[in-house]
Amino acid sequence: MALLKVKFNQKKRVKLAQGLWLMNWFSVFAGIIVFSMGLFLKIELRKRSEVMDNSESHFVPNSLIVMGILSCAFNGFAGKICYDSLDPAKFAKWKPLLKPYLALCFFFNILIFFVALICFLMRGSLESTLAQGLKNGMKFYRDTDTPGRCFMKKTIDMLQIEFKCCGNNGFKDWFEIQWISNRYLDFSSKEVKDRIKSNVDGRYLVDGVPFSCCNPSSPRPCIQYQVTNNSAHYSYDYQTEELNLWGRGCREALLHYYSSMMSSMGAVVLLVWLFEMSVMVGLRLLHTSLESIPNPEDPECESEGWILENSLKDTLKSALESLKKIGKFNQVEAGAEGAEGEEAGKTPAITTVS
């Protein structure tokens, strides 16, 4: 028994073809949206590529760009088929291509669904990428005179100001690295010498943070240096008082920003996938209804359209049997090749009689 069998007359076939033509052009527009989302996400990731450890995060925007282009191509082609199906003479040239095209559409829709899932599942990979990238970026913050790293200070400062964050996981991350360049340290000062000597790696570490960590909404002037020294500031306790520094780490801020963006894009791609599936089902019904016309010379006669010629169970069963046959055929060929090899390896014995 055929799956989703529907009876069509000439009027219904024309309405289906016209509706599919319109839906295909909506799908082309949806493909442009998917392409634009991928391009926008790629630009956003490139803006902060200096604080990302690898390029794995670009898999999502690249996939969206490719899916957008393919969607425009597939649906533009399908729109042409639906338009020509109104004329039996024009439709005849598309008949041999429809089955391969529908098979390609099926695999294309699987890819779209896979890309939608990836948009939701990239959080873990993105988190590790940001954690390591921000850690490296903070180490290079002081290298304002080093070629190739002189831009890092500006990048980190703009990042902390824009996303209202401080450090990798929090402001205390700045206490563990030397973020002040040696160029601005007075090495004749006893305090500087003592701090450098007290550190195993010879680094100048302070309980201070860059200016970009300051919260401008705080009523108190920014306490940027000696953050953990209560006696250095009047009426101050860094453990109980609400600090005038951003409390959120930049890894969390960026992860939330990109994860929200990717989740929204994943939802859009999922809607596009549902729309593409409905277009593919409609195209299959149109294809079978036109092929099953009993008298091609009488286009007004009734016909039947279906998704699968047999039930889903029977279709899967026949597909498995076909795969088994292919497997057995390959085994027979391999056995035949082995037998030929053995025969070729044998050399006939030649006896010489003198």
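No experiment lies behind these values; they were computed from the predicted model shown. (Residues numbered from 1 in each chain as written. Predicted model: local features only at pLDDT ≥ 70, side-chain atom pairs only at ≥ 80, totals over all residues. Heavy atoms only, no water.)

(A) How the structure looks around the pattern of salt bridges. Per the counting criterion, the structure on display carries 10 salt bridges. When the shortest N-O distance is used, the salt bridge between Lys 47 and Glu 44 registers 3.0 Å. On the criterion of helical spacing, the pair formed by Lys 47 and Glu 44 is a turn pair, its members being three residues apart in helix α1 (residues 10-47). We note a salt bridge from Asp 194 to Lys 190, for which the minimum N-O separation is 2.9 Å. With Asp 194 and Lys 190 both in helix α7 (residues 190-198) and four residues apart, the pair spans about one turn of that helix. (Salt bridge = Lys/Arg side-chain N within 4 Å of Asp/Glu carboxyl O. Helix = DSSP H or I, 4+ residues; strand = E, 2+ residues; numbered from the N terminus.)

(B) Seen up close, the nonpolar core. Counting 81 residues, the largest nonpolar core has Leu 41, Val 60, Leu 64, Phe 171, Trp 174, Val 209 and Leu 254 as its most contacted members. If you list the elements that add at least two residues to this core, you get α1, α2 (59-84), α4 (95-121), α5 (123-139), α6 (152-163), α7 and α8 (250-291). Those residues in contact with Leu 254 that lie beyond four places of it in its chain are Arg 48, Val 51, Leu 130, Leu 134, Leu 159 and Phe 163. (Core = buried A, V, L, I, M, F, W, Y, C linked by side-chain atoms within 4.5 Å. Buried < 20%, exposed > 50% of the residue type's maximum accessible area, 1.4 Å probe, protein only. Contact = heavy atoms within 4.5 Å.)

(C) Region of the structure containing the state of the cysteines. What the rule picks out here adds up to three disulfides. Bridging Cys 165 to Cys 250, the disulfide has an S-S length of 2.1 Å. Across the disulfide from Cys 165 to Cys 250, rotation about the S-S bond amounts to roughly 85 degrees, and the bridge is consequently right-handed. Taken together, the positions of Cys 165 in the loop between α6 and α7 and Cys 250 in helix α8 put the pair 85 residues apart, joining distant regions of the chain. No difference in accessibility class separates Cys 165 from Cys 250, as the two residues are buried. Here Cys 166 connects covalently by a disulfide to Cys 213, the sulfurs 2.1 Å from one another. With the S-S bond torsion at 85 degrees, the cross-link from Cys 166 to Cys 213 turns out right-handed. Placement of the pair is Cys 166 in the loop between α6 and α7 and Cys 213 in the loop between α7 and α8, with a sequence separation of 47 residues. Here Cys 166 falls in the buried class, since its relative accessible area comes to 0%. (Disulfide = S-S within 2.5 Å.)

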